[in-house]
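Understanding the architecture of this molecule
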Amino acid sequence: MKTILLPLILLITLGTSAQSAKEIGLNTINRKSAEVHIEFLASDALEGREAGKNGSKIASEYIKAMLQEIGIKPLNNSYFQEFEAYSKERQKRVRFSVHPDSIAKYKKEAAHRKLEMRNVLGYIEGENKDEFAIIGAHFDHLGIDEALVNDKIYNGADDNASGVSAVLQIAKAFVKSGKKPKRSIIFAFWDGEELGLLGSEFFMLNFPNSSQIKSYLNFDMIGRNNDESKPNHVVYFYTEANKAFGEWLKNDIKKYNLDLAPDYRPWDKPIGGSDNSSFAKREVPIIWYHTDGHPDYHQPSDHADKINWSKLVNITKAAYLNLWNMANIDDY
Ligand SMILES: [Zn+2]
C-alpha cells in the first residue's frame, strides 16, 4: 500500500506545482469570452444601455447572471446596489446628482427629475475582511436618439462593454485560481457613469470607511486603436505616489510576454476622465487602463466588429496580474 501511494502523491504534487495558482487563473482569460460579453452588451437589443432605461437594466441582469455562473457572491444581500439620482427639470440643464444635499434641494422644486439606477457588485472574501482591492468598469452608455437618421443606437462596444468584459474575465480567473486572496476583492460594475460618475460616487458616499480600500483599478474603453500604426498602444494612468504600480506592469509584460506598449502616465491626483475620480478624490490609489480616443467615440458607430481583440485580451491579463498584486502584496 505505502509503496504505491507515495510515488502517486509525489506525482500529483509535482504535476500541480508546475503552474502557480496565479498562472492557472491567468490562463483562463481568453478572446472567445471577451467576444461573447461585448457582442451581447453592444447588441442593438440593449438599446445603448442608457442609465435608468430598460437596456441598462438588461445589462445589469446579464452581469448578475454571469457572476452567479462564475461563482462570485454578491457584496451584500443582493448583487444590485440600487440608487436614485435627481436633477432640476431639463430646460435648466443641470447634471444629475446622487449627493443627499443636492437631492434634498432638487426635490423641493415643483418640477424635478429622477432616475433609478443600480450598480452590480460581486465579492471574494479575503483572509483580511477589513481591507479591500476594488476593480470596476461602467456598463451604462448613451442610449438611443430617435431623431438620428439610419443608425439610432449608441452601442458602446468600446465604451464600455470592453471594460465590463475585462472585469468579468478577471473575476472568473480569481475563482479558477483556487486561491483565497489576502485582501477582499470587490468586482464593481457602475451605472450612470455617462451622466457624471453617478454609480461610483454613490458607492463611495455609502462605503463605511474609504481608508479600508487599499486600491482601485478602473477600465474605461480598452478595445480600440487610437493610431492604426500602433496597435499595442494603451494608456496606463496610475497614482504617482504608488511607484510600484508602474514597476508591476513593466515586470509582468516581460515575464508573461504580453504584447502591449503602454504609455505610462503617473498622475499626482488622478481626478477626471472616469470612475477612478470617485476613488482618487478620496485618496484611494488608482490604476486606469484606457486605449485613447478614436473617431467612433460617443458615436452610434462604436461597434463590436471594430475591437482589437488581441490587445483587449492582453490588457485583461495585465490587469489581472495587477489585481493579484493589489490583493496579495503586503505593502505598496
Ligand atoms: Zn466610458
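Everything here concerns the structure above.
Residues numbered from 1 in each chain as written. Predicted model: local features only at pLDDT ≥ 70, side-chain atom pairs only at ≥ 80, totals over all residues. Heavy atoms only, no water.

**Focus: the overall build of the protein**
For the record, the criterion: What counts as a helix is a DSSP run of H or I of at least four residues, what counts as a strand is a run of E of at least two, and both are numbered from the N terminus. Contacts are residue-level and defined by heavy atoms, with any inter-residue pair within 4.5 Å sufficient. Surface exposure here means Shrake-Rupley accessible area, sampled with a 1.4 Å probe, where a residue is shielded only by the protein chains that are shown. Charge assignment in this entry is limited to Lys and Arg as positive and Asp and Glu as negative, and neither His nor the chain termini are counted. To locate a charge, the coordinates of NZ of Lys, CZ of Arg, CG of Asp or CD of Glu are taken.
Helix and strand counts for the protein stand at 10 helices and nine strands. Counting only C-alpha atoms and orienting by the principal axes, one finds that the protein spans roughly 85 × 45 × 40 Å. A separation threshold of at least 6 residues defines the contact pool for the protein, and within that pool the share at least 24 residues apart is 81%. Working note: accessible area of the protein is about 15200 Å², and carbon and sulfur atoms make up 51% of it. Taking the average location of the 42 positive side-chain charges in the protein and that of its 45 negative ones, the two points are 4 Å from each other.

**Section: the packing of aromatic side chains**
For clarity, the threshold we go by: Only the six-membered ring of Trp is used, alongside the rings of Phe and Tyr, when aromatic pairs are assigned; centres must lie within 6.5 Å, and planes under 30 degrees apart are stacked while those over 60 apart are edge-to-face, with the rest tilted. Working rule: Lys NZ or Arg CZ, within 6 Å of ring centre, within 35 degrees of ring normal, means a charge sits over the ring.
All chains considered together, the criterion is met by 22 aromatic pairs. Between Phe 132 and Phe 207, the ring centres sit 5.5 Å apart and the planes meet at 90 degrees, which makes this aromatic pair edge-to-face. Of this pair, Phe 132 sits in strand S4 (residues 128–138) while Phe 207 sits in the loop between helix H7 (198–206) and strand S6 (213–219), and the two are 75 residues apart along the sequence. Through a chain of ring-to-ring contacts, the aromatic side chains of Phe 132, Trp 190, Phe 203, Phe 207, Tyr 216 and Phe 279 assemble into a single cluster. Stacked on the ring of Tyr 332, the Lys or Arg Lys 214 has its end atom at 4.9 Å from the ring centre. Across the ring face of Tyr 264, the terminal group of Lys 250 is positioned such that the distance to the ring centre comes to 4.8 Å.

**Quick look at the coordination of the zinc ion**
Our working definition: A donor here means any N, O or S atom no more than 2.8 Å from the metal (3.2 Å for Na, K and Ca); water is not included, so a site may seem to lack partners. Any site counts as irregular unless it has four donors with all angles between 85 and 135 degrees, making it tetrahedral, or four or six donors with opposite ones more than 155 degrees apart and the rest between 65 and 115, making it square planar or octahedral.
Within the protein, His 138 (NE2), Asp 159 (OD), Asp 220 (OD) and Asp 220 (OD) serve as the donor atoms for the zinc ion, at 2.0 to 2.6 Å. In this structure, the zinc ion is surrounded by four donor atoms whose angles at the metal cover 53 to 150 degrees, and the resulting shape is irregular. Written as a sequence motif, the donor arrangement for the zinc ion is H-x20-D-x60-D. With His 138 in strand S4 and Asp 159 in helix H6 (residues 157–177), this pair connects stretches of sequence that are 21 residues apart.

**Details of the packing of helix H3 (residues 31–41) against helix H4 (residues 54–70)**
Helix-helix packing is characterised by the crossing angle of the two axes and by the distance between the axes. Applicable threshold: Axis definition: a line fit to C-alpha positions, over the contact stretch in the case of helices; interaxial angles, taken between N-to-C directions, run 0 to 180 degrees. An angle below 35 degrees is treated as roughly parallel, one above 145 as roughly antiparallel, one from 65 to 115 as roughly perpendicular, and anything else as oblique. Crossing handedness is defined as follows: a turn of the near helix away from the far one that is anticlockwise and smaller than a right angle gives a left-handed crossing, while the clockwise case is right-handed.
Two elements in contact, H3 and H4, have axes whose closest approach is 11 Å; the angle formed by their N-to-C orientations is 160 degrees. In terms of orientation, H3 and H4 fall into the roughly antiparallel class. The chirality of how H3 crosses H4 is right-handed. Listed contacts from H4 to Val 36, His 37, Phe 40 and Leu 41 of H3 are Ile 58, Ala 59, Tyr 62 and Met 66.

**Quick notes on the side chain of His 138**
Just so we agree on the cut-off: Exposed residues in this analysis have more than 50% of their type's maximum accessible area, buried residues have under 20%, and partly exposed residues fall in between, with area computed by a 1.4 Å probe over protein chains only. Pairing of N or O atoms within 3.5 Å defines a polar contact, subject to two protein rules: one partner must be a possible hydrogen donor and the other a possible acceptor, and residues neighboring in sequence count only if both atoms are side-chain atoms.
The class of His 138 is buried, set by a relative accessible area of 0%. A polar contact is formed between the side chain of His 138 and the backbone oxygen of Asp 140, at a distance of 2.9 Å. A polar atom in the side chain of His 138 sits 3.0 Å from the side chain of Asp 159. If near-sequence neighbours (up to four positions away) are discounted, His 138 is found in contact with Asp 159, Asn 160, Val 164, Trp 190, Glu 193, Glu 194, Phe 219, Asp 220 and Asp 275.

**Some thoughts on the environment of Val 175**
When you line up the elements, Val 175 lands in helix H6. On the basis of relative accessibility, which here comes to 31%, the residue Val 175 falls in the partly exposed class. The spatial distance from the C-alpha of Val 175 to the C-alpha of Gly 71 is 7.2 Å, given a sequence separation of 104 residues. If near-sequence neighbours (up to four positions away) are discounted, Val 175 is found in contact with Ile 70, Gly 71, Ile 72 and Ile 124.

**Points about the pairing of S4**
Cut-off, in case you're wondering: When DSSP locates at least two bridges between a pair of strands, those strands are taken to pair. Whether a crossover is right-handed comes down to one check: with the strands pointing away from the viewer, does the path from the first strand over the helix to the second run clockwise; if it does, it is right-handed.
Here S4 pairs with strand S5 (residues 183–190) via eight bridges, running parallel. Paired with Asn 128 across the strands is Arg 183, a residue of S5. This β-α-β element, S4 to H6 to S5, shows right-handed connectivity. In terms of strand pairing, S4 meets S6 through six bridges, oriented parallel. Within S6, the residue paired with Ala 137 across the bridge is Phe 219.

**Quick look at the packing of H3 against H6**
Applied cut-off: For this scheme, ten residues count as nonpolar: Ala, Val, Leu, Ile, Met, Phe, Trp, Tyr, Cys and Pro. Four count as charged, namely Asp, Glu, Lys and Arg, and the remainder, Gly too, count as polar.
Direction vectors running N to C along H3 and H6 enclose 135 degrees, while the axes themselves pass 9 Å from each other. Looking at the two axes, H3 sits oblique to H6. In this structure, the crossing between H3 and H6 has a hand that is right-handed. Here Ser 33, Ala 34, His 37, Ile 38 and Leu 41 of H3 lie close against H6, whose contacting residues are Ala 157, Ala 161, Ser 162, Val 164, Ser 165, Leu 168 and Gln 169. In terms of residue class, the contact of H3 with H6 is built from seven nonpolar, five polar and no charged.

**With respect to the pattern of salt bridges**
Note the threshold: In the sections that follow, a salt bridge refers to a side-chain nitrogen of Lys or Arg positioned within 4 Å of a carboxyl oxygen of Asp or Glu.
Under the criterion given, the structure shown has 18 salt bridges. A salt bridge links Arg 31 to Glu 35, with the shortest nitrogen-to-oxygen separation between them at 2.6 Å. Linking Arg 31 with Glu 35, this pair stays in helix H3, spanning four residues, or about one helical turn. On the basis of relative accessibility, which here comes to 45%, the residue Arg 31 falls in the partly exposed class. Of the residues examined, Glu 35 reaches a relative accessible area of 12% and is grouped as buried. Connected through salt bridges with shared partners, the residues Arg 31, Lys 32 and Glu 35 form a single ionic network.

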